[in-house]
Amino acid sequence: MWGFLNIGLILLMYFMLYSCLSSAVSSPLYSSTCQLRGQFNLNGMHKAGDVVLGGLFKVHFFSVFPDLSFTSEPQTPTCHSFDVLGFRQVQAMAFAIDEINRNSNLLPNVTLGYSLYDHCVTLGIGFRAALSLVNGQEEQFVLGETCTGAPPVLGIVGDSSSTRSIAISAVYGLFRVPMVSYFATCSCLSDRQKFPSFFRTIPSDAFQVRALIQILNHFGWTWTGLLVSDDDYGLHAARSFQSDLGQSGGGCLAYLEVLPWGHDPAELRRIVDVMKKSTARVVIVFAHQSHVIDLMEEVMRQNVTGLQWIASEAWTAATVLQTPHLMPYLGGTLGIAIRRGEIPGLREFLLQMHPDQHYNNSIGNSMVNQFWEHTFQCRFAPPPAGWMEAGGILCTGQEDLEEVETELLDISNLRPEYNVYKAVYALAYALDDMLQCQSGRGPFSGHSCGNLKRLEPWQLVYYLEKVNFTTPFGDQVSFDENGDALPIYDIMNWLWLPDGRTEVQNVGEVKRSAFKGEELTIDGNKIFWNFESNKPPRSVCSESCSPGTRMVRKKGEPECCFDCIPCSEGKISNKTDSMECTSCPEDFWSSPQRDHCVPKKTEFLSYHEPLGICLTAASLLGTCICAVVLGIFVYHRKTPIVRANNSELSFQLLLSLKLCFLCSLLFIGRPRLWTCQLRHAAFGISFVLCVSCILVKTMVVLAVFKASKPGGGASLKWFGTVQQRGTVIVLTSIQAGICTAWLVSSSPAPHKNTQYHNDKIVYECVVGSTVGFAVLLGYIGSLAVLSCLIAFIARNLPDSFNEAKLITFSMLIFCAVWVAFVPAYISSPGKYSDAVEVFAILASSFGLLVALFGPKCYIILLRPERNTKKAIMGRGIES
């Protein structure tokens, strides 16, 4: 709708701008008069000057607009509902121009004038006012041959509305007429292709949106509702908000609703119902105060409380909303407001204002008189019909402003006025820079400069783009490549006082500087929260995911709505709201809370645990017993029972058993490369040495008894001492060769095994070559089986002390242990496989020790009478 209206108004302006030129060109003499097609009497203030600046302001709220057609009769709109604050903005511009004229350092020898019009919050009137500023009000003038001269107005301060600014600056931009707005915030006006001569001293909505997003991020509000007005201001803000909110990752919109124009109870009821049903506790409103008034009426009717309102700059300071009956709902509102400034001397300037005693509503300078009538409730002569009869009084012009309470004189909170003040000074400084240009060094074609006699608006645009000055309040004013000033906003809070009054207090600021970027400063201790807790509300779709969990978006809902899923084992998240869980390094595992990695527990057969202690004690015990038995045998080495069946083999057997007990210690403790290589080699060689001694002893027993028979003496020559010793060495050397080949080809090595337990590192020795380990065990087993068979054959030979029986029994124990070892070893994980192997070593070693040497020690120590040759040979035995 606004697009069509803008196009129509632009065509209207084209027609009026070119109408005089068309009539002149059609004249046969070309040099003729230019006739104004129509007149439109506007409510305004004027002051003559060498250079005139224009202004467009809201001095009345409503108007009755006449016919837009062009007639010879002047057309006058009827405006009513006088706006004192709008009039104060008019006076701020008049004061700024008066101050500049009194400043000898700025624009010396140049007097500024002004033409200020009231647009009555109506696009049509505002457009006609803009047309009048650039077209002039002379009814006719003669076109010169050169068609040169200064325009009626060099630059315009205004408009306050984004919609009117879009329509007016679209046309002004075609002729490069500079327009500096003090209140139009639509981000669309930053488009230099469409609006090349538009500037503003108020931040654009793009920055306003980012400022509000920073406030949301500051308080952790990630779930908000957005209400916008159905115009350029609201709709552009909605698009910017959706785009910037997504890019910042700071939250989501629970809903987006467009507030209707006019009073639409059904639509407002629907919007408020959406607000009630939503879980969002924060509501942002980008709208004008008239929209908010209608909205709050429905909010009151449905009694919707418990919401935190966020106000855009358009209604942050709206006093009409700061009433006692609205404070239960709007108390604690946070909003951003135009930067407050101070204008020294403004109040004195306002007090010097006096009305025109020759007031005529049809000519200029009527605003002061209208303010006077509004403030003092009087009328200038001639009064309206029936005015005096109704008890009205006439204005004298001598009334004292200080005796009445008026917002005009309250200069403690100058915000739009401060922007007007900066806009006027921006134009003045740009004009001053242009007039200081030295001929031949200018920026225009041929290094020319602009001058008052041949001044063109586009020349002023060039200097406006480069203007840079500091106000008396300390704010720097300059424009970027889009015509936007350095943005700064005050953050305001609606404080609901106990006596029912409302105070709008400054609690921070948000600004952007050339060096530090965008900065947000908030004094949280000053903020009034309209909640029982007196703390900021929580407004989130889903509570934050704590460390140890990850976010999983809910299907079909905004990204701010999610579930928190605990990280799986071995993965962690150490930040709030993590999207993914990260895996721990190889040697680490997740903590129970899944929020950090901890070193994995290590597992091996340790000397410090009960199982390791017991096995170590058993190993040392067996070693000690072997040493004791060896000592007994050495001490009784000349006795028959020790000397029987080659005492040297007995000593070798005891030494090998001692080594068997000691080699089990290599299986206890954290595996190292040398222990892994040595443990199996020591185990294999020690047991082969032990079993070889047993095998030779068995074979000697069998040979001795065979030799005792007729014709069997020849068998003993193969079992002499040298042959016995040689047999043991050969059999043991074979095992040593097997171990050497195994260690060289595929040596056992320590290994960190994580297959058994994810949260543990099991340190173990991998055998390297399974074939090598199998050959080692198989060789020991074959010797043991062979010894067992030979001993079994010799078990019934006649002798009082037949050692073959003891060997048979010991070999049965040995074989039983190692047969049971194989399945137990394979099925035992981690350290328990080592424990099984150690247990097998100890069990078999103890079995051999007890079975072979127990009876002999018994006879030596307890039955010495049997330790004789006769007793051993079976003759002369005493019981």
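For the structure itself, look to the data block above.
Keep in mind that what you see is a predicted model, and the values were worked out from it rather than measured.

A. Region of interest: the environment of K869. For K869, the position within the fold is in helix 22 (residues 869-873). Residue classification places K869 among the exposed residues on the basis of a relative accessible area of 63%. Through-space distance from the C-alpha of K869 to that of A644 is 9.0 Å; in sequence the pair is 225 residues apart.

B. Summary view of the environment of G234. By the secondary structure assignment, G234 is in helix 6 (residues 232-248). A relative accessible area of 0% places G234 in the buried class. The spacing of G234 and V285 is 51 residues in sequence and 8.8 Å in space, taken between C-alpha atoms. Setting aside residues up to four positions removed in sequence, G234 forms contacts with V228, S229 and F286.

C. Molecular detail of a positive patch on the surface. A contiguous patch of positive charge, built from R637, K638, R643 and K869, is present on the exposed surface. With respect to the helices and strands, R643 occurs in helix 15 (residues 640-643).

D. Layout of the pattern of salt bridges. Taken as a whole and assessed by the stated rule, the structure comprises 26 salt bridges. Across the salt bridge formed by D98 and R102, the nearest N and O atoms sit 2.9 Å from each other. Of the charged contacts, one joins E509 and R339 as a salt bridge, the two residues approaching to 3.1 Å between their closest N and O atoms. With E509 in strand 19 (residues 502-513) and R339 in the loop between strand 15 (334-338) and helix 10 (346-351), this residue pair connects regions lying 170 residues apart in the sequence. Residue classification places R339 among the buried residues on the basis of a relative accessible area of 17%. Each of the salt bridges in this network shares a partner with another, and the network as a whole consists of R339, R415, D475, D490, E509 and K511.

E. Local environment of the packing of helix 12 (residues 416-435) against helix 13 (residues 457-464). Two elements in contact, helix 12 and helix 13, have axes separated by 8 Å at closest approach and are oriented at 105°. Here helix 12 lies roughly perpendicular to helix 13, going by the angle between them. Only Q459, L460, Y463 and L464 of helix 13 make contact with helix 12, whose side of the interface consists of A426, L427, A430, L431, D433 and M434.

F. The arrangement of the sheet that holds strand 6 (residues 112-118) in detail. Within the open sheet, the 6 strands sit side by side as 2-6-3-8-9-10. Their pairing is mixed. With one partner strand each, in any of the chains shown, strand 2 (44-47) and strand 10 (198-200) form the two edges of the open sheet. Adjacent strand axes in the sheet meet at a mean angle of 20° when their direction is disregarded. Bridging between strand 8 (residues 155-157) and strand 9 (residues 179-181) involves 2 bridges; their strand directions are parallel. Paired with V157 across the bridge in strand 9 is V180. Each of strand 3 (51-57), strand 6 and strand 8 is contacted by helix 3 (residues 123-135), which is oriented at about 180° to strand 3, the strand it contacts most.

G. Main features of the state of the cysteines. This structure, assessed with the given rule, holds 9 disulfides. Between C541 and C561 runs a disulfide, and the two sulfur atoms are separated by 1.9 Å. The chirality of the disulfide connecting C541 with C561 is right-handed, given an S-S dihedral of about 105°. You can see C541 sitting in the loop between strand 20 (517-522) and strand 21 (549-553) and its partner C561 sitting in the loop between strand 21 and strand 22 (562-566), a full 20 residues away along the chain.

H. Structural context of the side chain of S591. As for its position among the elements, S591 is in the loop between strand 25 (588-590) and strand 26 (597-599). A distance of 3.0 Å separates the side chain of S591 from the side chain of D595, its partner in a polar contact. For S591, the residues in contact, after removing those within four places along its chain, are H596 and V598.

I. Up close: the sheet that holds strand 28 (residues 749-753). Taken in spatial order, the 3 strands of this open sheet run 27-29-28, and their pairing is mixed. Of all the strands in the sheet, just strand 27 (601-603) and strand 28 have a single pairing partner and so form its edges. Each adjacent strand pair in this sheet contributes to an overall mean axis angle of 25°, direction not counted. Where strand 27 and strand 29 (residues 760-766) come together, 3 bridges link them in parallel fashion. By the bridge assignment for strand 29, T602 is matched with I761.

J. Structural view of the pairing of strand 12 (residues 252-259). With 7 bridges joining them, strand 11 (residues 223-229) and strand 12 adopt parallel strand pairing. Looking at the pairing, G225 lines up with Y255 of strand 12. Of the crossover connections in this fold, the one passing from strand 11 over helix 6 to the parallel strand 12 is right-handed.

K. A look at the side chain of N753. Along the chain, N753 turns up in strand 28. Polar contacts involving the side chain of N753 include one to the side chain of E764, which spans 2.6 Å. Ignoring any residue separated from it by four or fewer positions in sequence, one finds N753 in contact with K760, I761, V762 and E764.

L. The arrangement of the nonpolar core in detail. Ranked by internal contacts, the top residues of the largest apolar core, which has 70 residues, are F633, F683, F814, W818 and F853. Elements with a contribution of two residues or more to this core: helix 14 (610-635), helix 15, helix 16 (647-663), helix 17 (673-707), helix 18 (721-745), helix 19 (770-793), helix 20 (803-827) and helix 21 (831-861). When residues no more than four places from it in sequence are discounted, the contact partners of F683 are C663, F667, L678, L776, L777, I780, W818, E837 and I841. F82, L408, L455 and L464 belong to the second largest nonpolar core, which has 67 residues in total.

Cut-off values and rules
- Residues numbered from 1 in each chain as written.
- Predicted model: local features only at pLDDT ≥ 70, side-chain atom pairs only at ≥ 80, totals over all residues.
- Heavy atoms only, no water.
- Helix = DSSP H or I, 4+ residues; strand = E, 2+ residues; numbered from the N terminus.
- Buried < 20%, exposed > 50% of the residue type's maximum accessible area, 1.4 Å probe, protein only.
- Contact = heavy atoms within 4.5 Å.
- Patch = residues over 30% accessible without salt bridge, like charges linked within 9 Å, V, L, I, M, F, W, Y side chains within 5 Å.
- Areas by Shrake-Rupley, 256 points an atom, 1.4 Å probe, with all protein chains shown as cover.
- Salt bridge = Lys/Arg side-chain N within 4 Å of Asp/Glu carboxyl O.
- Lys, Arg positive; Asp, Glu negative; His and termini not counted.
- Charge placed at Lys NZ, Arg CZ, Asp CG, Glu CD.
- Axes fitted to C-alpha atoms, helices over the stretch in contact; angles between N-to-C directions.
- Parallel < 35°, antiparallel > 145°, perpendicular 65-115°, else oblique.
- Pairing = 2+ DSSP bridges.
- Disulfide = S-S within 2.5 Å.
- Polar contact = N/O pair within 3.5 Å; in protein donor to acceptor, adjacent residues only side chain to side chain.
- Right-handed = clockwise from strand over helix to strand, strands pointing away.
- Core = buried A, V, L, I, M, F, W, Y, C linked by side-chain atoms within 4.5 Å.

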